[in-house]
Amino acid sequence: MSIFAEKPLSYALKENARVISALVVRNAVTRFSKSRFGFIWILAEPAAYVGIFLAMHTFMKANIPFGDNAALFILAGVFGFRMTRGISRKTERAIISNQPMLTYPLIRPLDTIVASFLLEATIWIMICGLFMGGLAYTMDRPIIVYPGDFMECLLAILFFAFSFATFNAAVGALVPRYDTFLNMMNMPLMLLSGVFYMPTQLSPEVQAILWWNPFLHCVEWFRTSTYIDYTPLLDKGYLLGVATGLLAIGLTLERVFRPRIINA
């Protein structure tokens with residue numbers, strides 16, 4: 001009985017893997033075939049944040065919030081936030097972007113989310129490697145001082161980005177204007193995530209408010225791997241707990257309301 005039970009499962013997994021692989025290729029072609037400068041813009045966005053901050057820092061003659069290199073401080077903050085939000089932003093639009101594909105019986109809404117996440121995660125990891133490697137070459141020293149913690153940070157960021165995107169994709173397919181609300185929250189989230197400042201230098205009352213923002217913990221976790229003596233406002237358990245809760249709710253909504261999402 002076990003042999004016969006394993007065959008349908010293995011076959012279903014292979015079919016699902018083929019579907020997701022095809023969606024990954026489709027998303028990549030759709031995203032980059034229309035413009036040759038698509039990937040260049042993805043590279044230019046983090047560079048623009050760093051450049052603007054350094055220009056403001058030089059013009060205002062302000063002190064570096066922490067460490068001896070302003071570029072490293074802001075780059076760690078930019079990637080801690082932008083990698084998380086960049087992956088989740090593209091992934092949470094997967095259902096809407098692939099709505100016509102949902103008419104095929106083999107394609108489920110969750111497949112589009114997974115495929116979009118795999119593509120975006122690959123892109124952002126490559127970009128992070130290029131920028132962090134380039135900065136290490138420029139500074140002529142390693143900038144990832146805790147490689148093990150850095151790998152944990154990347155996994156946590158990917159897990160939270162996928163969970164946040166799954167929740168938003170399901171809610172966005174069910175609630176009109178929810179995507180507009182998410183667009184409006186991008187800038188406030190960035191300002192509240194400690195990208196340009198050190199949260200522990202603020203008053204305890206402000207820290208208590210910022211602590212509830214899970215993106216802040218992504219930024220702080222990223223910075224702890226690039227500095228030896230950085231004092232973060234970080235709760236790893238809170239970040240992972242929020243991610244797990246969002247994923248459970250998102251998966252439940254996708255399964256319960258799947259027919260409504262497909263026919264939206």
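Residues numbered from 1 in each chain as written. Predicted model: local features only at pLDDT ≥ 70, side-chain atom pairs only at ≥ 80, totals over all residues. Heavy atoms only, no water.

> Even after reading the chapter, I still don't get the side chain of N213, so can you show me in this structure?
In this structure, N213 sits in the loop between α8 (204-210) and α9 (214-224). Owing to a relative accessible area of 9%, N213 belongs among the buried residues under this scheme. Ignoring any residue separated from it by four or fewer positions in sequence, one finds N213 in contact with L189, L192 and S193. (Helix = DSSP H or I, 4+ residues; strand = E, 2+ residues; numbered from the N terminus. Buried < 20%, exposed > 50% of the residue type's maximum accessible area, 1.4 Å probe, protein only. Contact = heavy atoms within 4.5 Å.)

> Is there a simple way to think about unusual backbone geometry in this case?
Comment: phi is negative for the bulk of residues other than glycine, and the bulk of peptide bonds are trans. Although it is not a glycine, R177 sits at a positive phi angle of roughly 70 degrees. With respect to the helices and strands, R177 occurs in the loop between α6 (147-174) and α7 (178-191).

> Help me out: how do you make sense of α9 in this one?
Each α-helix winds once per 3.6 residues, and so residues spaced three or four apart point in a common direction. For α9, the buried fraction is high: 11 of the 11 residues fall into the buried class. Here α9 has its buried residues at P214, F215, L216, H217, C218, V219, E220, W221, F222, R223 and T224. Where α9 is buried, its residues contact α3 (70-91), α5 (109-139), α6, α7, α8 and α10 (236-256). Capping the start of α9, N213 holds a side-chain oxygen 3.1 Å from the backbone nitrogen of F215, two or three residues further along. (Polar contact = N/O pair within 3.5 Å; in protein donor to acceptor, adjacent residues only side chain to side chain.)

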